[in-house]
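# Geometric and topological summary
Chain residues, written in single-letter form:
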Amino acid sequence: MAEREIIKEYSKGDLTVVWKPKKCIHSAICVNTLPKVYDPNKKPWIEPENATIDELKSQINKCPSGALTYTMKEETKNSEEVTKNTRVDVMANGPLLVHGTLEVKDASGKTESKSGVTALCRCGASANKPYCDGAHKQIDFVG
């Protein structure tokens, strides 16, 4: 039986923050960038009313896993911008961050289109390969 994906939404005006906890790699970029919005010790842990819409968009666009995205009312776009160029950043002791548009084909031949920022596993310990699930922290990956 397939496990149902959990998706949480938090709204502020025309912007809705979308959080997919299974995708989160716990980089803490959200907490460090906007601590008044993201507080893992609170419920709800996301309070978008504590920042401007531009601040929220800017922070969400930096989410390395894509666990945080957003939608705007009357807009079909979210934070994942389609770009013509693809860039790869190597996170110290962590995943490869692929910025841009790419197609990922899994071992069974299924293809998935990704755009924005995609975190790819480098340590080999992810339970969600080829994507990073934060397992590099548990195994003290160095690379």
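The text that follows walks through the structure, step by step, so that each part is easy to find. (Residues numbered from 1 in each chain as written. Predicted model: local features only at pLDDT ≥ 70, side-chain atom pairs only at ≥ 80, totals over all residues. Heavy atoms only, no water.)

### What about the sheet that holds strand β2 (residues 15-19)?
Backbone-to-backbone hydrogen bonds pair the strands of a sheet. The strands run either parallel or antiparallel. As summarised here, the arrangement of the three strands in space is β1-β2-β3, forming an open sheet in which the pairing is antiparallel. Strands with a single pairing partner mark the edges of an open sheet, and in this sheet they are β1 (8-12) and β3 (68-72). Along the sheet, successive strands turn relative to each other by an average axial angle of 25°, direction set aside. The pairing of β2 with β3 spans five bridges and is antiparallel. Opposite V17, over in β3, you have Y70 as the bridge partner. (Pairing = 2+ DSSP bridges. Helix = DSSP H or I, 4+ residues; strand = E, 2+ residues; numbered from the N terminus. Axes fitted to C-alpha atoms, helices over the stretch in contact; angles between N-to-C directions.)

### Some thoughts on the pattern of salt bridges
Per the stated rule, a full pass over the model turns up two salt bridges. Ionic pairing is found between K42 and E47, a salt bridge with its closest N-O pair at 3.4 Å. Notably, a salt bridge pairs D89 with R87, separated by 3.0 Å at the nearest N-O pair. With a relative accessible area of 26%, D89 lands in the partly exposed category. (Salt bridge = Lys/Arg side-chain N within 4 Å of Asp/Glu carboxyl O. Buried < 20%, exposed > 50% of the residue type's maximum accessible area, 1.4 Å probe, protein only.)

### Description of the pairing of β1
Two elements, β1 and β2, share five bridges in a ladder whose sense is antiparallel. The partner of S11 across the bridge, within β2, is T16. Between the antiparallel neighbours β1 and β2 lie two residues, among them G13 with a positive phi of about 60°.

### What to know about the side chain of Q59
In this fold, Q59 is placed in helix α2 (residues 53-60). Apart from the residues lying within four places of it in its own chain, the contact partners of Q59 are I29, C30, T33, L34, Y38 and L68. (Contact = heavy atoms within 4.5 Å.)

### A few points about the nonpolar core
Membership of the largest hydrophobic core comes to 19 residues, with the highest contact counts inside it found for V17, W19, Y38, I46, L56 and L68. Here W19 is in contact with I6, I7, K8, Y10, C24, W45, I46, A67 and L68, once residues within four sequence places are set aside. (Core = buried A, V, L, I, M, F, W, Y, C linked by side-chain atoms within 4.5 Å.)

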